[in-house]
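Each chain, written out:
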Amino acid sequence: MLQFINVNFTKPVIIEKHDVEFINCIFSVEGKNIKDNAGTALTINGTANAKISNCVFKNVGYNSINIRTTGMVTIERNTFISTNVYNPIECSGQNINNICIEKNIF
């Protein structure tokens with residue numbers, strides 16, 4: 001499992017083949033406006049498993065997190081500053097059924 005701790009991401013992150021854990025990270029990707037897909041901070045594709053905890057999402061764009069994986073995704077204790085985001089969390093894949101979202105601040 002890849003692990004990112006205390007990283008500030010200023011470019012979109014796309015996970016596809018690796019299981020990943022993000023801890024205390026900041027996602028500050030800047031799209032042109034609230035509906036700009038280029039501003040999606042984190043996309044999880046394929047069969048990847050992901051755990052996102054204690055992170056801050058302050059991006060500008062269509063989504064903060066776009067879930068497109070059939071793997072397990074846990075989103076807990078994060079802060080979403082979502083005034084410039086159309087959907088803080090979006091599930092846009094097929095066969096998505098292993099998601100836990102708890103104790104987040106929107």
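Heads up: these notes are all about the structure in this document.

Notes on the sheet that holds strand β4 (residues 20-23)
Reasoning step 1: Strand order in the open sheet formed by 5 strands is β1-β4-β7-β10-β13, and the pairing between neighbours is parallel. The strands lining the two open edges of the sheet, one partner per strand, are β1 (2-5) and β13 (99-102). For this sheet, the mean angle separating the axes of adjacent strands, direction not counted, is 5 degrees.
Reasoning step 2: Strand direction decides the pairing type here: strand β10 (residues 73-76) and β13, joined by 4 bridges, are parallel. Directly across from Glu76, in β13, lies its bridge partner Glu102.

Some thoughts on the pattern of salt bridges
Reasoning step 1: One pass over the structure, following the stated rule, counts 2 salt bridges.
Reasoning step 2: We note a salt bridge from Arg77 to Glu76, for which the minimum N-O separation is 3.6 Å.
Reasoning step 3: Taken together, the shared-partner salt bridges in this structure form one network comprising Lys51, Glu76 and Arg77.

Criteria and thresholds
Residues numbered from 1 in each chain as written. Predicted model: local features only at pLDDT ≥ 70, side-chain atom pairs only at ≥ 80, totals over all residues. Heavy atoms only, no water. Pairing = 2+ DSSP bridges. Helix = DSSP H or I, 4+ residues; strand = E, 2+ residues; numbered from the N terminus. Axes fitted to C-alpha atoms, helices over the stretch in contact; angles between N-to-C directions. Salt bridge = Lys/Arg side-chain N within 4 Å of Asp/Glu carboxyl O.

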